[in-house]
Amino acid sequence: MALIAAIMGQYKEYPRPAQNARMEGTGELFFVLDHSGDIVSRELRKSSGHELLDKEILDLLDRVGQFPRFPEGIDAPRLEIVVPIQFSL
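Just so you know, the residues in each chain are numbered from 1, in the order the chain's sequence is written. Selection of residues for local features in this predicted model requires a pLDDT of at least 70, selection of side-chain atom pairs for listing and counting requires 80 or more, and totals for whole chains, interfaces and linings are taken over all residues. The side-chain quantities take in all heavy atoms of the structure and omit both hydrogens and water.

**Focus: the packing of aromatic side chains**
Line of reasoning, step 1. Aromatic contacts are taken between Phe, Tyr and Trp rings whose centres are within 6.5 Å, Trp giving its six-membered ring; a plane angle under 30 degrees counts as stacked, one over 60 as edge-to-face, and the others as tilted. Taken as a whole and assessed by the stated rule, the structure comprises two aromatic pairs.
Line of reasoning, step 2. Geometrically, the ring pair formed by Y14 and F87 is edge-to-face, given 5.2 Å between the ring centres and 70 degrees between the ring planes. With Y14 in the loop between helix 1 (2–11) and helix 2 (16–20) and F87 in strand 3 (residues 78–87), this residue pair connects regions lying 73 residues apart in the sequence. Each member of the pair, Y14 as well as F87, carries the same accessibility label: buried.
Line of reasoning, step 3. A centroid spacing of 5.7 Å and a plane angle of 15 degrees characterise the contact between F31 and F67, whose relative ring orientation is stacked. In this pair, F31 sits in strand 1 (residues 25–34) while F67 sits in the loop between helix 3 (51–64) and strand 3, placing the two residues 36 residues apart along the sequence. Summarising the burial analysis for this pair, F31 and F67 share the class buried.
Line of reasoning, step 4. Above the ring of F87, the side-chain terminus of K12 is found at 4.8 Å from the ring centroid. Every helix listed is a DSSP run of H or I at least four residues long, and every strand listed is a run of E at least two residues long, numbered separately from the N terminus. Per-residue accessibility, obtained with a 1.4 Å probe over protein chains only, is compared with the maximum for each type, and a residue is labelled buried under 20%, exposed over 50%, and partly exposed between these values. Charges are assigned to positions over rings by a cutoff of 6 Å between ring centre and Lys NZ or Arg CZ, combined with an angular limit of 35 degrees from the ring normal.

**Examining helix 1**
Line of reasoning, step 1. Residues I4, I7 and M8 constitute the buried set of helix 1. Along helix 1, the residues classed as buried sweep out an arc of 95 degrees about the axis, all on the same side. Structural note: helix 1 exposes A2, L3 and Q10 on the side pointing more than 90 degrees away from its buried face.
Line of reasoning, step 2. Contact between two residues is taken to exist if any of their heavy atoms lie within 4.5 Å; hydrogens are not considered. Packed against the buried residues of helix 1 are strand 1, helix 3 and strand 3. As used here, the arc belongs to the directions running from the helix axis to the C-beta atoms.

**Side note on the layout of surface pockets**
Line of reasoning, step 1. Of the pockets and cavities examined, the largest pocket occupies roughly 190 Å³.
Line of reasoning, step 2. Here a cavity denotes grid points, spaced 1 Å and computed from the protein atoms alone, that fit a 1.4 Å probe unable to get out, and a pocket denotes an open set having protein on both sides within 12 Å along at least 5 of 7 lines; residues with an atom within 4 Å of a point are the lining. In terms of lining, the largest pocket is formed by M1, L3, I4, L33, F67, P68, R69, F70, P71, I74 and L79.
Line of reasoning, step 3. In this count, Pro and Cys sit with the nonpolar residues alongside Ala, Val, Leu, Ile, Met, Phe, Trp and Tyr, while Asp, Glu, Lys and Arg are called charged and the others, Gly among them, polar. Counted by class, the lining of the largest pocket contains ten nonpolar, no polar and one charged residues. Grid points are joined across faces, edges and corners, and a volume is the space filled by probe spheres set on the points.

**Points about the nonpolar core**
Line of reasoning, step 1. Nonpolar cores were defined as sets of buried Ala, Val, Leu, Ile, Met, Phe, Trp, Tyr and Cys residues, with membership established by side-chain atoms within 4.5 Å. Residues I4, M8, L29, F31, L33, F67 and I85 are the most contacted members of the largest nonpolar core, which totals 20 residues.
Line of reasoning, step 2. Among the elements of the structure, helix 1, strand 1, helix 3 and strand 3 are those that each provide at least two residues to this core.
Line of reasoning, step 3. Beyond its immediate sequence surroundings of up to four residues, F67 is in contact with I4, I7, M8, F31, L33, S36, G37, I39 and L61.

**Digging into the sheet that holds strand 2 (residues 39–46)**
Line of reasoning, step 1. As summarised here, the arrangement of the three strands in space is 2-1-3, forming an open sheet in which the pairing is antiparallel. Strands at the two margins of the open sheet, each flanked by one partner only, are strand 2 and strand 3. Sheet twist, expressed as the average angle between the axes of neighbouring strands with direction ignored, equals 20 degrees.
Line of reasoning, step 2. Any two strands are treated as partners once DSSP identifies two or more bridges connecting them. Of the strand pairs in this sheet, strand 1 and strand 3 are connected by ten bridges, and their pairing is antiparallel. Residue pairing in the sheet places F30 in a bridge with V82 of strand 3.
Line of reasoning, step 3. In this fold helix 1 packs onto strand 1 and strand 3, with an angle of close to 120 degrees to the strand it touches most, strand 1.
Line of reasoning, step 4. Sheet strands in contact with helix 3 are strand 1, strand 2 and strand 3, and its direction is about 160 degrees off that of strand 2. What counts as an axis is a line fitted to C-alpha atoms, over the stretch in contact for a helix, and the angles between N-to-C directions run from 0 to 180 degrees.

Here is the structure:
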């Protein structure tokens with residue numbers, strides 16, 4: 001899970017218009033990965049309270065594109081992941 005969070009952190013962006021408008025909030029992103037690291041599905045589980053930040057939360061996975069293959073020892077065909085994404089000034 002730490003690897004997934006680290007990868008997402010590299011691609012997270014705080015939209016300039018949201019910063020200028022002093023928008024802050026935390027949304028909750030749910031997504032499913034298959035064994036090869038492909039993103040199978042995604043949804044916003046909890047809104048940040050701002051449409052612009054919610055869009056950024058979903059766009060984040062587009063920038064990531066694909067995660068690494070599951071390491072040896074993880075035999076599950078899929079992983080369901082819930083991650084809070086926070087925006088604060």
